[in-house]
Each structure stands twice: as C-alpha cells, then as structure tokens.
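Here is what each chain is made of, one letter per residue.
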Amino acid sequence: MQGQNTTIVIADDHPLFRGALRQAVASVMPQARVIEASGLDELNATLGQERDLDLILLDLTMPGVQGFSALLSLRAQHPELPVVIVSATEEPTVIRRAMEFGASGFIPKSIDVDSIGGAISAVLAGDTWTPPDVDLSAAEDKETADLVRRLATLTPQQVRVLTMLSEGLLNKQIAYELNVSEATVKAHVSAILDKLGVDSRTQAVIAASKIGVTQRPSPAGAD
DNA sequence: TACTATCCTCTTTAACCGTT
DNA sequence: AACGGTTAAAGAGGATAGTA
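Residues numbered from 1 in each chain as written. Chains lettered and ligands numbered in written order. Predicted model: local features only at pLDDT ≥ 70, side-chain atom pairs only at ≥ 80, totals over all residues. Heavy atoms only, no water.

Where an unreviewed UniProt entry is consulted, chain A appears under the name LuxR family two component transcriptional regulator, with the organism given as Microvirga subterranea.

Structure (structure tokens):
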C-alpha cells in the first residue's frame, strides 16, 4: 500500500538525529524516499522544489525557527501536508499546543526507534500520534486555548509580519524586509490585531510570546 | 468530461484619522 | 512630521457549482 511512492522530509539540525529518524523511517517503509533538511532555509527550498511530499518531520528548535512559527506557516501554506513535530521536550503543554496548531503527531526524541516508526506509519495512515504515557487531557485555561485557536487562523504573510513585530521592527522596516509598501504592512497588522482580538501591536506581541509562537530573547542561555 | 461562471481568500495599495 | 492604525477597493488565484 504505502512505501514506494512515499516521500518524507526530515527537518532537523542535528545530523545524528536525522540519521536516527531516517533509520526509523526505513524500518517501517524501506521503499520510502527521504529528504533531509538541516534548517528552515533548506526546508523551504525542498518545499519549493518537491511536489508530492507525504510527511514532514519537523524539529521544534532549528536555526531560523522561532517557537511554533514554522509549524504555523507550514500549516498555512501546505494544509494537506501532515507535519509531525520532533522535539527534545516532553512537556504536555508543548505537545498539546503543537497538536492544536495542526500537527499530526508529536515525537519526543527520547523514545526508541521502533516507536518512532510506529508513530510515522500511524500518521501516514491518517491518524494522529502522541506519546502514550503523556497526559494531554489536563485542560489549558480557556483564554490560552482561545488564543491558540485565533493564532491558527493567521495567513502565512501575517505570521511573517507577527514574527517581525515580535522583533520590535517598525512598519516601515517590515515593509522593507518583505518588499511591500508600508500600507500593506499596516493592513496586515490590522488583520492580525483583529484575528487575535487585541488593540495594539504590543498586545499582539505579548500574546504571541505567551503562547510560544515567537520566542522572546531569553536573558540566560536557554537550551 | 470539459468549460464557464461565480465565489472566496489572500495580498496589496491608497486615502484617511488620531496621537505624540 | 512620524508613527500606528482603520477602511475601501482591486487584482490574482483557487475552489466550487452548474451546464453543455
């Protein structure tokens, strides 16, 4: 059924773990074609070139990736393409949030290769997969859940603008970065404020950082 | 099946207003 | 004047429904 026409992208900056993932894929589907990307740029290049991709294994912490922003824009730009998050963390909050942002699965790096293979085949079969020993039922407060839902409605361009907003850029600077007029940026900002249900860009930035869509620069080394 | 009409979303821009 | 924000409008592109 599945195997020979299946193409899977592994996006992770650690070569060792890319190897482990590749091995896990091979154990489940020896025929599958695997494309590796070591960063966001390579991933985007792959997405631009390749047509019939079946699955992306996405590391949550890669160069060029801020929080969930990569997942968010992937979901926005390629709604049909299943994304499985691969991460070192096993925090239920992070896992739940990833799933709410549209991930098809969440694989902690600590689990064994067999389980990873099982997770991958489950997702390819159309199911979702999260670590069985992690309790996801713990309810998040309503406001946060609501905010997550709102964030998920942002368009790719709006996600880009929000990311730059979080970096403290002015409308004029964002316009320069995106090669559009300042009026365009203002319109995007307005749309973002509307969708997030806030009144100002600062509130939008605070909301985004609260959820973890964009990470604020942390004072101490945080990794 | 193929073609067309239509609707909707996304993106872009200009004009305008309020605040500092 | 500079900056942030709102609104109306228009073009591109995709999805959908109806028709021949």
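(A) Molecular detail of the overall build of chain A. The helix and strand tally for chain A stands at 10 helices and 5 strands. Sorting the 223 residues of chain A into buried and exposed places 47% on the buried side. In chain A, 65% of the contacts between residues at least 6 apart in sequence involve partners at least 24 apart. Only carbon and sulfur atoms are counted for the fraction: they give 49% of the accessible area of chain A, which is about 11,500 Å². (Helix = DSSP H or I, 4+ residues; strand = E, 2+ residues; numbered from the N terminus. Buried < 20%, exposed > 50% of the residue type's maximum accessible area, 1.4 Å probe, protein only. Contact = heavy atoms within 4.5 Å. Areas by Shrake-Rupley, 256 points an atom, 1.4 Å probe, with all protein chains shown as cover.)

(B) Looking closely at the UniProt feature "domain: HTH luxR-type" (unreviewed entry) in chain A. Mapped onto this numbering, the UniProt entry annotates "domain: HTH luxR-type" (unreviewed entry) at residues 147-212. Within residues 147-212, the helical portion is 76% and the strand portion 0%, while the C-alpha atoms at the span's ends are 11 Å from each other. (UniProt positions renumbered as here; feature names shortened; annotations may be inferred.)

(C) Fine view of the protein's contact with DNA strand B. The immediate surroundings of DNA strand B are formed by Thr155, Pro156, Gln157, Val180, Ser181, Ala183, Thr184, Ala187 and His188. The sugar and phosphate moieties of DNA strand B supply 72% of its atoms located within 4 Å of the protein. At 2.7 Å, a backbone N or O of serine 181 approaches a phosphate oxygen of DNA strand B. For the surface near DNA strand B, the secondary-structure elements that each account for two or more residues are helix H7 (156-166) and helix H9 (182-196). Among the elements that line the surface near DNA strand B, the one with the most residues is H9, at 4 residues. (Near = heavy atom within 4 Å. Polar contact = N/O pair within 3.5 Å; in protein donor to acceptor, adjacent residues only side chain to side chain.)

(D) Representation of the packing of H7 against H9 within the structure. Following both chains from N to C, one finds H7 and H9 inclined at 90°, their axes separated by 10 Å at the closest point. Comparing their axes, H9 and H7 come out roughly perpendicular. Here Gln157, Gln158, Val161, Leu162 and Leu165 of H7 lie close against H9, whose contacting residues are His188, Val189, Ala191, Ile192 and Lys195. (Axes fitted to C-alpha atoms, helices over the stretch in contact; angles between N-to-C directions. Parallel < 35°, antiparallel > 145°, perpendicular 65-115°, else oblique.)

(E) View of the pairing of strand S5 (residues 105-108). Every second residue of S5 is oriented toward a common face, with Gly105 and Ile107 on one face and Phe106 and Pro108 on the other, all of them buried. Bridge count for strand S4 (residues 83-87) against S5 is 4 bridges, and the pairing is parallel. Considered in S5, the bridge of isoleucine 85 is made with phenylalanine 106. Note on the crossover from S4 through helix H4 (residues 92-100) to S5: the handedness is right-handed. (Pairing = 2+ DSSP bridges. Right-handed = clockwise from strand over helix to strand, strands pointing away.)

(F) Up close: the UniProt feature "modified residue: 4-aspartylphosphate" (unreviewed entry) in chain A. Following the UniProt record, the feature "modified residue: 4-aspartylphosphate" (unreviewed entry) maps to Asp59 here. With respect to the helices and strands, aspartate 59 occurs in strand S3 (residues 55-59). A residue is classified by how much of its surface remains accessible, and aspartate 59, at 1% relative accessible area, is buried. Among all residues touching aspartate 59, those that are not within four sequence positions of it are Ala11, Asp12, Asp13, Val86, Ser87 and Lys109.

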